[in-house]
Amino acid sequence: IVGCGGSSDNAGGDDDTPVIAFVQTGADNDWRNAHTVSVKEAAADKGYDLRFAEGQSKQENQIKAFSSFVNQGVDAIILAPIVETGWDNVLEKAKKRNIPVVILDRKVKTDDESLYVTYIGADTYTEGKKAGKWLAEKMGGQAKVVELQGNPGASPTINRFNGFREAIADQSGIEIIASQSGEFRRSKGKEVMEAFLKKYGDDIDAVYAHNDDMAIGAIQAIEDAGMKPAEDIVIVSVDGVRAAFEAMVDGKLNCTVECNPLQGPLAMEAVEKILSGQADQLDKVTLIEDSVFEMEQAADVIESRKY
Ligand code: AHR
């Protein structure tokens, strides 16, 4: 799980190159892979020695990797936490060793905000709201919706779940008839959608997927069931990855709410400030603005997409 992106064998070795650790969630979908590349490239641009680990979607793996980086005495740690809770112990360990921590992409829940320097990520609650608003309008306020959630306990899952519900709170005709985790994965999204189709069949008017990969899995399940995705069943998802744009160009996905994974430069700028003693200039929270893309615009913008 733990790998080294740089060349030095131990942190604080012979040269002055800052050693930065990045603890990623996993490699479970297109968004995540674009996120990893963005962080690695941004570290290389700054000339940092990046040490990389990913948790294979398990918090215990991330905790082990994080602790190991603390023991190595790296100069800073960037953490993209799989789930929100359960981080206090390792964050305290880093604080005791004076190792600054940047929380990236997903949030942590802690009573002690001093355990990390700054959080940088998308406004995933607003993403859920945007998806709900778009769907309610598209369906004229009447639809039976099935929901594919992300990993349980992950901040985007919680926020996209709640944000969507806030957006449809005054829409009595929009009914969520089933909601289950597809783990942010294409294969699991397909599997859960197959089960939904078996149980609810033609009753399903719309799918709300917490990410594009699960929506693409759902598209496959809908086609396998002999139905037309985006026509027989309206689909809205979150991320805005290239595969989602391709699906929209093909007329199979109606809408994607962007969640920009190109967060590496922001993360490394924060690290640079911290290492040069300017951490006090950083905001505690930096939220990245996202757009909404509909099927009708997809062909015009697909070439300009960077991930
Ligand atoms: O935390 C961001 C979410 O995590 C993305 O929407 C998803 O694709 C990823 O796994």
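So, a few notes on the structure that sits alongside this text. The structure presented is a predicted model; accordingly, all values stated were derived computationally and were not measured. Per chain, residue numbering runs from 1 following the sequence as it is written. Only residues with pLDDT of 70 or above have their local features reported here, since the model is predicted, and side-chain atom pairs are shown and tallied only from 80 upward, although totals for entire chains, interfaces and linings are computed over all residues. Note that the side-chain values use all heavy atoms of the structure and ignore hydrogens as well as water.

Moving on: a negative patch on the surface. Patch definition: residues with relative accessible area over 30% and no salt bridge; like charges joined within 9 Å; nonpolar side chains (Val, Leu, Ile, Met, Phe, Trp, Tyr) joined within 5 Å. The Shrake-Rupley method, run with a 1.4 Å probe, gives the accessible areas here. Residue values count only the displayed protein chains as cover. Whenever a carboxyl oxygen of Asp or Glu lies within 4 Å of a side-chain nitrogen of Lys or Arg, that contact is scored as a salt bridge. Charge assignment: positive for Lys and Arg, negative for Asp and Glu; neither His nor the chain ends contribute. In plain terms, the charge of a residue is placed at NZ if it is Lys, CZ if Arg, CG if Asp and CD if Glu. Together, Asp202, Asp203, Glu231 and Asp232 make up a region of like negative charge exposed at the surface. Relative to the helices and strands, Asp202 is located in the loop between α6 (186-200) and β9 (206-209). For Asp202, a relative accessible area of 67% puts it in the exposed group. To qualify as a helix, a DSSP run of H or I must reach at least 4 residues; to qualify as a strand, a run of E must reach at least 2; elements of each kind are numbered from the N terminus. Residue exposure (1.4 Å probe, protein chains only): buried if accessible area is under 20% of the type maximum, exposed if over 50%, otherwise partly exposed.

Running from amino to carboxyl end, helix α1 (residues 30-46) crosses helix α9 (residues 264-275) at an angle of 45°, the nearest separation of the two axes being 8 Å. When the axes of α1 and α9 are compared, the pair comes out oblique. The two elements α1 and α9 cross, and the hand of that crossing is right-handed. Mapping the contact onto sequence places Ser38, Val39, Ala42, Ala43 and Lys46 in α1 and Gly264, Pro265, Met268, Glu269 and Glu272 in α9. Each axis is a line fitted through C-alpha atoms, and for a helix only the stretch in contact is used; angles between axes span 0 to 180 degrees, taken between their N-to-C directions. Every angle not falling under 35 degrees, over 145, or within 65 to 115 is termed oblique; those three ranges are roughly parallel, roughly antiparallel and roughly perpendicular. Two helices crossing with the near one rotated counterclockwise from the far one by less than a right angle form a left-handed crossing, whereas a clockwise rotation gives a right-handed crossing. We call two residues in contact when some of their heavy atoms are within 4.5 Å.

With that out of the way, let us pick up the site of the ligand. To be near a molecule or strand, a residue needs just one of its heavy atoms within 4 Å of it. Taken together, Asn29, Trp31, Arg32, Asp105, Arg106, Pro156, Arg160, Phe184, Asn211 and Asp239 form the complete shell of residues around the ligand. At a separation of 2.7 Å, an oxygen atom of the ligand approaches a polar side-chain atom of Arg160. Polar contact is the term for a pair of N or O atoms within 3.5 Å; when the atoms are in protein, one must be able to donate a hydrogen and the other to accept it, and sequence-neighboring residues count only if both atoms are side-chain atoms. Between the ligand and Asn211, the relevant distance is 3.0 Å, taken from an oxygen atom to a side-chain nitrogen or oxygen of the residue. A total of 280 Å² of accessible area belongs to the ligand in isolation, and the protein chains cover 100% of it.

Okay, the packing of aromatic side chains next. Aromatic pairing here means that ring centres of Phe, Tyr or Trp (its six-membered ring) are within 6.5 Å. Orientation follows from the plane angle: under 30 degrees is stacked, over 60 is edge-to-face, and everything else is tilted. Enumeration over the complete set of coordinates arrives at three aromatic pairs. Centre to centre, the rings of Phe164 and Tyr208 are 4.0 Å apart; their planes meet at 10°, and the pair counts as stacked. Placement of the pair is Phe164 in helix α5 (residues 155-167) and Tyr208 in strand β9, with a sequence separation of 44 residues. This pair shows no difference in class: Phe164 is buried, exactly as Tyr208 is.

The alternating pattern of strand β4 (residues 76-79) places Ala76 and Ile78 on one face and Ile77 and Leu79 on the opposite face, and all of these are buried. With four bridges joining them, strand β2 (residues 19-24) and β4 adopt parallel strand pairing. For Ile20, the partnering residue across the bridge sits in β4 and is Ala76. Here, a strand pair is defined by DSSP locating no fewer than two bridges between the strands.

Among the nonpolar cores identified, the biggest contains 57 residues, and Leu135, Met193 and Val207 are the most heavily contacted of them. For this core, the leading source of residues is helix α7 (residues 212-224), giving seven residues. Ignoring anything within four residues of it in the chain, the contact list for Met193 reads Val146, Leu148, Ile204, Val207, Ala218, Ala221, Ile222 and Ile233. To define a nonpolar core, start from buried Ala, Val, Leu, Ile, Met, Phe, Trp, Tyr and Cys residues and group those joined through side-chain atoms within 4.5 Å. Counting 24 residues, the second-largest nonpolar core is a separate cluster that includes Ala21, Val23, Val70 and Ile99.

A few words on the pattern of salt bridges. Under the counting rule described, the total for this entry stands at 17 salt bridges. With its nearest N and O atoms 2.9 Å apart, the salt bridge here joins Lys46 to Glu272. Placement of Lys46 in helix α1 and of Glu272 in helix α9 is noted, with a sequence separation of 226 residues between them. According to the relative accessible area criterion, Glu272 is partly exposed, its value standing at 37%. Here the salt bridges do not stand alone but share partners, grouping Asp30, Arg186 and Asp213 into one network.

All right, on to the sheet that holds strand β11 (residues 255-258) then. Spatial strand order, β8-β7-β9-β10-β11-β13: six strands in an open sheet with mixed pairing. Edge strands, defined here as strands with exactly one partner in the open sheet, are β8 (174-181) and β13 (292-294). Mean inter-strand twist for the sheet, computed between neighbouring axes without regard to direction, equals 20°. Bridge count for β11 against β13 is three bridges, and the pairing is antiparallel. Bridge pairing links Cys255 to Glu294 in β13.

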